[in-house]
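Residue-level structural notes
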Amino acid sequence: MARRLLTSLATIAVAMTLTFVLIRQMPGDIVHQWAVQLQMQQGISYEQARLQAAAMINYNPDIGLFEQYFSYLGGLLTGNLGLSLTYRIPVSLVLVQALPWTLLVTTLATFLSFVVGCGLGLLGALRRQSLLDPLLTLYATLSQALPPFLIGLLLLLVFGIGLEWLPMRGNYTPDVEPGLNLPFLLDVALHAVMPVMAFALPAMGDWALAMKASATSVLGEDYLHVARARGLKPRRILLRYLGRNSMMPLVPSLATALGSALGGSMLVEAIFGYPGLGFFLAQAIDRRDYPLMQGIFLISTMGVVLFNLAGELVLARLDPRLRR
Amino acid sequence: MSALRTLVRNRRALLGLLGLVFFLLIALLGPELLPLDRMPDPDRRFEPPSLTHLLGTDYAGRDTLVQLVHGSRDIIQISFFTGFFAVLLALAVGLTAGLLGGWIDGILTALTDVFLTVPQFPVMAILAALMRVGDPVTFGLVLGLWAWPGLARSLRSQVRALREREFIEAARVMALSPVWILTRELLPNLVPLVGVYFIRVARDAITVSVGIMLLGLVPLKVENWGMMLNMATFQSGALYVPRAWAYLLSPLVAIVAFQFCLIQLASGIEELVDPRLRRRA
Amino acid sequence: MRTARPTLLPLRAGLLRVAGLAWLVGFLLLLVGCTSRPPPLGVFCGAGEWDIPPAYHGNPWAPGGVGAAAPYVYEPLFVHVASTGQYLPRLGTSFTEGPDGRELRVSLRPGSSWHDGTPLTSRDVQCTFYLGALRGMPVWSYLDSVECPDPATVLFRFRRPSPLGRVDALTEPITSPVHLFGQHLPAILELGGAQVAGGGGDAQPLDPELAARLRGVREVLFRFQPARPVGTGPYRIGRVTSAEMSLEAFPQHPETDRLAVRRVRLLRWGSNEVIWSYLLAGQLDAAAPACPPDVASEILRRRPTVRMLTPSDLSDLGVLLNTRRPPFDDLRVRQALARLLDRDLVRRVASPFSETFGGLQVGMGRQIARRWLPAETLASLEPYELDPERASRELEGAGFARDSRGRWFGPEGPVRLELLAPEGQSDLVLLAETVAAQLEAFGMETEIRVLKRDLYSARLSDGDFDLAASFGGQLGRYGDPTLAMERFFMPGGQLQMASGLPGVLDGLDVGALSAGLRLVRDPLAKKETLGRLASLAHQELPFLACFEKRLTLFLNDGTRVQGWPAEEDPLWTALPAGAETIYATMLATGRVRPAEAR
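So, how was this worked out
Residues numbered from 1 in each chain as written. Chains lettered and ligands numbered in written order. Predicted model: local features only at pLDDT ≥ 70, side-chain atom pairs only at ≥ 80, totals over all residues. Helix = DSSP H or I, 4+ residues; strand = E, 2+ residues; numbered from the N terminus. Buried ≥ 20, exposed ≤ 12 C-beta atoms within 10 Å, placed from the backbone. Contact = placed C-beta atoms within 7 Å. Pairing = 2+ DSSP bridges. pLDDT = per-residue confidence, 0-100. Core = buried A, V, L, I, M, F, W, Y, C linked by C-beta atoms within 7 Å. Nonpolar A, V, L, I, M, F, W, Y, C, P; charged D, E, K, R; others polar. Domains from an automatic or database assignment.

As for the overall build of chain A
- A count of helical and extended segments in chain A gives 14 helices and 0 strands.
- Its C-alpha atoms put chain A at 80 × 55 × 40 Å along the principal axes.
- Buried residues in chain A amount to 55% of all 324 residues.
- Taking the intrachain contacts of chain A between residues at least 6 apart in sequence as the baseline, contacts between residues at least 24 apart amount to 71%.

Section: helix α12 (residues 343–350) of chain C
Residue and element names in this part refer to chain C.
- Counted residue by residue, α12 has 7 buried out of 8 residues, so it is predominantly covered.
- All buried positions along α12 are accounted for by R343, L345, V346, R347, R348, V349 and A350.
- Contacts made by the buried residues of α12 are with β16 (355–356), α16 (426–442) and β25 (543–550).

Some details on the sheet that holds strand β17 (residues 401–402) of chain C
Residues and elements named next belong to chain C.
- Taken together, the 3 strands give an open sheet; going across it, the order is β17-β18-β19, and neighbouring strands pair in antiparallel fashion. Edge strands, defined here as strands with exactly one partner in the open sheet, are β17 and β19 (413–414).
- One ladder, built from 2 bridges, connects β17 with strand β18 (residues 408–410); its direction is antiparallel. In the strand pairing of β18, R402 is matched with W408.

Thoughts on the confidence of the model for chain C
- Considering every residue of chain C, the mean pLDDT works out to 89; 93% of them sit at 70 or more.
- Note on residues 1–12 of chain C: pLDDT is under 50 here. Beyond four places in sequence and across chains, it has 12 contacts.

Some points on the nonpolar core
- Judged by nonpolar contacts, the single largest core of 365 residues is most densely connected at A69, L279, L419, L431, A432 and A468 of chain C.
- If one sorts the elements of this core by residue count, helix α8 (residues 182–219) of chain A sits on top with 19 residues.
- Ignoring anything within four residues of it in the chain, the contact list for A432 of chain C reads L419, A421, I448 and A469 of chain C.

Remarks on the interface of chain B and chain A
- On the side of chain A, 47 residues touch chain B, which itself brings 46 residues to the contact.
- Of the residues forming the side of chain B that touches chain A, the biggest block, 8 residues, is contributed by helix α9 (residues 178–213) of chain B.
- Of the residues contributing to the side of chain B that touches chain A, the split by class is 25 nonpolar, 12 polar and 9 charged.

Considering the interface of chain C and chain A
- Facing 64 residues of chain C, the contacting portion of chain A comprises 63 residues.
- Put simply, the parts of the chain that give the side of chain C that touches chain A at least two residues each are α1 (13–31), α8 (208–223), β10 (235–240), β11 (244–249), α9 (272–280), α17 (453–461), α18 (482–489) and α19 (494–499) of chain C.
- Counted by class, the side of chain C that touches chain A contains 33 nonpolar, 19 polar and 12 charged residues.

Overview of unusual backbone geometry
- Residue P54 of chain C is reached from P53 of chain C by a cis peptide bond, and omega for that bond is 10°.
- Tracing the backbone shows P54 of chain C in the loop between β1 (43–48) and α2 (70–73).
- Here the residue pair P326 of chain C and P327 of chain C is connected by a cis peptide bond, since its omega of 0° sits within 30 degrees of zero.
- With respect to the element layout, P327 of chain C can be found in the loop between β15 (312–321) and α11 (331–340).
- Although it is not a glycine, R288 of chain A sits at a positive phi angle of roughly 55°.
- Among the structural elements, R288 of chain A can be located in the loop between α13 (277–287) and α14 (290–318).
- Accessibility expressed as a C-beta count within 10 Å gives 22 for R288 of chain A, which makes it buried.
- The phi angle at D506 of chain C is positive, at roughly 55°, despite the residue not being glycine.
- Within the secondary structure, D506 of chain C is located in the loop between β23 (504–505) and β24 (508–509).
- Residue classification places D506 of chain C among the exposed residues on the basis of 10 C-beta atoms within 10 Å.

A short note on the pairing of β10 of chain C
Residue and element names in this part refer to chain C.
- Strand direction decides the pairing type here: β10 and β11, joined by 4 bridges, are antiparallel. Residue pairing in the sheet places V240 in a bridge with M245 of β11.
- In this antiparallel pair of consecutive strands, β10 and β11, the connection spans 3 residues.

Quick notes on the domain arrangement of chain C
All names here are of chain C.
- The domain architecture assigned to chain C consists of domain 1 (2–6 + 314–549), domain 2 (35–50 + 233–311 + 551–594) and domain 3 (75–223).
- Placing the centre of domain 1 and that of domain 2 at their C-alpha centroids yields a distance of 34 Å.
- Those elements that place two or more of their residues in the side of domain 1 that touches domain 2 are β15 and α16.
- Its residues assigned to classes, the side of domain 1 that touches domain 2 comprises 3 nonpolar, 5 polar and 2 charged.

So, in structure tokens, the structure goes:
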């Protein structure tokens, strides 16, 4: 167990180092990004724009990669993720403020889609010859064939513009007082509906298909016949034996999905103007804000690795044969 | 031969098979029959379907059907190669890790995790600056390189679970060769998982290839189905123009139909390799 | 053989039921009267960008500060309408200029105060400019000092008098009261604004010691992050979220009685699709996104109170040619390209509302050229007309030939072109596509690469492309073609860098000539220089303009606010310099007022 944890930590360290090097090798550095923008806006020469850009973010470009890396590592050990180059506030502050919004939307969406999707998949496997099966496949293909941005925009088009039921963007309106009061919570819930749907609608079909495939193979197993022969109630067989055993292969995927959900989604959050990690990541990439990018990547890396580990542990508990 | 007969006898698999053959034919012959004319004719933009333009026209007044036909070749190749490379890599890593266990498993799992977590975007951006990708095989490889870790993880845990199962243990007790165990006992059990994953990767390849196009790693092709959707949404605003429904729907329906066929065929193959399913059906 | 009994499984029949119930509750919640409410009558709804919380703050100098609220919260001394040469008074009431242009004296509006109640004095104006130096404010290339002869008068002294410098000085928003920002003043005053702004505006690298010292000062300045900006403008910020910002009237503003619209709601821009959505939903009162014609007519059809104006953007869009490498290093090939492209077809696909660009590739549209360039220059240039046959002849003359399939071959093999376009700018992407289609039809293989804006600009400044869809000449906020010529010819100018055009053409040092253009005060001399540069742009063809861009400005007149001026109003000509400043001016002067209830 300790070894697995150690491997996970090593994985995180390797991924972090790789990311650190990679993002700094991207074409166009941070001063360049700003300089080009200024050049465009003010029609000044590139050198002038670079000077101005460097002044704008007060950036010293003369620090070497190694030096940066080690000072970053040093900071990391003391829990300091550095200062965002473009916002000039601690990266950890951005993360702390953005993570809850991402978590709200993505975990809700993941659980919702997992539960509903698995239920549908199970039904599909049981009624292989009924109409439900092709319908399910059709839904899954359709929802997946739509690229995520299109789903988001379609939701906006229907619920925001057409029906005018839901607020189009943001996490809450400036009219409500943030805090523990009903209007605020309602407002937050309303604002979360579309982002959650944009995540959950396509994922649901995916889970359903995976569950169907898994349940189909479990259905052929002998112990189901045994259980039936033992005269167990059909419902008990369905849930305890079939459901549980077919869900097991899905646990790693669920863990991965939950883990990567921590990083949020650049596309969905951009469309709904939702201030989660994905939104900030997109901004950070555009402007080459290395510390902020690094911080967000670190969170999603940790999310994926640790959730995968957790997935394995859960699986081991669920499947006694693996405990040996 | 009996395998093929089983496949044909299964109505759904047959449907999938025929559908795929149809798509292949379109991809092979279509571009020869319907030449692609990229020249815009702005006065005829967003025309609804008519006899001259069976699926209407796009934002620049060009025939949608012709674009769809020309895009099919790319789409089929890219989807296939991406799925192929992803599955290949995943099988190699997942099976090795699951079967061998021990420190090899540890390393491979860590590698999988690293690939799962290192962000794609910077890598693609760097690649875009370094190289120009043109052919579908390389394209598929670039996409497949990022698509395998999920399957590898699932395969590994599946193999680990299967390893402990009665029939494998029985085979081992009977001193059957590992190759026999692998091909006869293990792989058939993994087919449903691999099949579903292959389809998922092949499908995502269409969406992801648009993202890659927008990084400039591959040239923009407006007849790529995914790109058609992107053009319909962002560049031309067809999404907001009721008259343009045909242009928005055509690539969508094509993508869905293509995948629907894949899935039907896959479920047919599942029944083929898993005789127990045939018994019940 | 029995399978192990379940031990830990949380899935029970109840769970599914709970999930179903949760769905139901969610949907009921939606249906029970929780429909989104558009802002009420009398609230102006605009759009713009800002850094969202937690990054948002009220220090205009530090990254993350103020954003789209700036034109509502702050005021410049004057609002400049370039087409008429008018200066509309805001914080300043009048100005006088010395005969040699070295002195500019501005009187301040009496009774002005900051949002925290402190009265405004000339010291605050001075403070703004000196803090700007710390951030490399461009006006310091001309300025020598800003002085305060008395609390109601500001005196600008110029080292290098320039008409553009005067515009810069008069239109800069005044943002920095001494009582909040004064602590940084002594250090900057000691060094002098020009020095601090970057080597006297000539972009010489700073002495490292000085640079380090300035970084230290900036560090302290950036750390000052009040929650809200303190300005002198007609509005104050209420609350800011990731998508919306609410502003309210500042009751102590000296002209607050003229302000009929007391509340403003700003929506964060995001992308053009977002703005189309807001417009379709009727939630915006003024916005000018790039907009395809069919989306525009859909907006107008769904929202009867919305009308659309198409003022000029004072810019042109077209194809940038890389003169560093084959085939476009050869002038004959560039000229052939100008004759083979049907540029009006490009316009009709990419931006039908825009204006046809004539055959004169002088870096500015026809109207502007007629006003700014000598008539004899214009008459002496041979326009590039659409003539594919002549283009073919010219290419053959340059050593190119066609193979049996009609594909062009050059000295270095078949012609294969790479055409870049920035993602998210639909008019440029469509432009690229139409150009590529025409080149393909002509027999030149052309690959389009659509790139994220950051990668696009990196490739452009590295000169790593053949063709690029791009902005060409831009008049910007000065409404003056100087900017366009700088973009084309000045070393480090955006198009110069990308196209790789040499600094000396026809024995003329165009680099120095264009860089000195800003300082030319004599209109006739300026016209002559502009003429020489413009005719070189036409001959050398580093850029091939396809159309003169027109904006698509949507105004919602009568839903929440009304009174938007008609298309002819000269104020709209200042739109390219900053649309929000114009909306804010119209609100501040009471021209736009709450709609009458129906």
